[in-house]
Amino acid sequence: QVQLVESGGGLVQAGGSLRLSCVASGSIYSIVHMGWYRQVPGKQRELVAIISSGGITTYADSVKGRFTISRDNAKNTVYLQMNSLKPEDTAVYYCHVPRVATTDGRAMEYWGKGTLVTVSS
């Protein structure tokens, strides 16, 4: 029906940068919000950033000023530019769409499988 595929994770040194991408594909009619969450072992999944189709953004306090979320509505793609990375940013990053309206009239929440970001000190 709908698939979210993340890419761009990897290993980077502290202070470096990575850009994550997430492409939503399938029988998509509309997506209002797209976002990124992250999770490390032993901790709950936390919101990193979210963006609306109109470009309104929300960031976790821990990433403000360092991360930038953006999207290409025509491509159903959301990006997360991560600068000045810190070891505590190490986590599995998940693309999240809280509501996808599909062409068959359904509306569902979707999660990507995640991409690992490792920041070395």
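Everything below is about the structure printed above this text.
Residues numbered from 1 in each chain as written. Predicted model: local features only at pLDDT ≥ 70, side-chain atom pairs only at ≥ 80, totals over all residues. Heavy atoms only, no water.

Undergrad: Is there a simple way to think about the overall build of the protein in this case?
TA: Helix and strand counts for the protein come out as zero helices and twelve strands. When the elements of the protein are put in sequence order from the N terminus, they spell out β-β-β-β-β-β-β-β-β-β-β-β. The globule rule puts the C-alpha radius of gyration for 121 residues at 14 Å, and the 14 Å found for the protein is close to it. C-alpha extents for the protein along the principal axes are approximately 50 × 25 × 20 Å. Counting across all 121 residues of the protein, residues that qualify as buried make up 42%. Nonlocal contacts in the protein, meaning residues at least 24 apart in sequence, comprise 56% of its contacts between residues at least 6 apart. Accessible area for the protein stands at about 6400 Å²; split by element, carbon and sulfur atoms hold 49% of it. (Helix = DSSP H or I, 4+ residues; strand = E, 2+ residues; numbered from the N terminus. Rg over C-alpha atoms; globule rule 2.2 N^0.38 Å. Buried < 20%, exposed > 50% of the residue type's maximum accessible area, 1.4 Å probe, protein only. Contact = heavy atoms within 4.5 Å. Areas by Shrake-Rupley, 256 points an atom, 1.4 Å probe, with all protein chains shown as cover.)

Undergrad: Explain the state of the cysteines to me, please; I cannot follow it from the model alone.
TA: A covalent bond bridging the sulfur atoms of two cysteines is what the word disulfide describes. Following the criterion strictly, the structure yields one disulfide and no others. Across a sulfur-sulfur distance of 2.0 Å, Cys 22 and Cys 95 are joined as a disulfide pair. Linking Cys 22 and Cys 95, the disulfide has an S-S dihedral of approximately -85° and is accordingly described as left-handed. One end of the pair, Cys 22, is in strand 3 (residues 18–26); the other, Cys 95, is in strand 10 (residues 91–102), and 73 residues separate them in sequence. Each member of the pair Cys 22 and Cys 95 is classed as buried. (Disulfide = S-S within 2.5 Å.)

Undergrad: Explain the sheet that holds strand 3 here, please?
TA: Two strands in a sheet stick together by hydrogen bonds in their backbones, pointing the same way (parallel) or opposite ways (antiparallel). If you walk across this open sheet you meet the four strands as 1-3-9-8, and the pairing is antiparallel. Because the sheet does not close on itself, it has two edges, and the strands there are strand 1 (2–7) and strand 8 (67–72). On average, adjacent strands in this sheet sit at an angle of 15° to one another, irrespective of strand direction. Pairing between strand 8 and strand 9 (residues 77–82): six bridges, direction antiparallel. Within the sheet, the bridge partner assigned to Ile 69 lies in strand 9 and is Leu 80. (Pairing = 2+ DSSP bridges. Axes fitted to C-alpha atoms, helices over the stretch in contact; angles between N-to-C directions.)

Undergrad: I keep staring at unusual backbone geometry and nothing clicks. Help me out?
TA: Leave glycine aside and you will find that most residues have negative phi; peptide bonds, for their part, are mostly trans. In this model, Asn 76 sits at a positive phi of 50°, which is unusual for a non-glycine residue. Within the fold, Asn 76 resides in the loop between strand 8 and strand 9. With relative accessibility at 19%, the residue Asn 76 sits in the buried group. At Ser 84, a position not held by glycine, the phi torsion is positive, near 50°. Position of Ser 84 among the secondary structure elements: in the loop between strand 9 and strand 10. The partly exposed category is assigned to Ser 84, whose relative accessible area is 40%.

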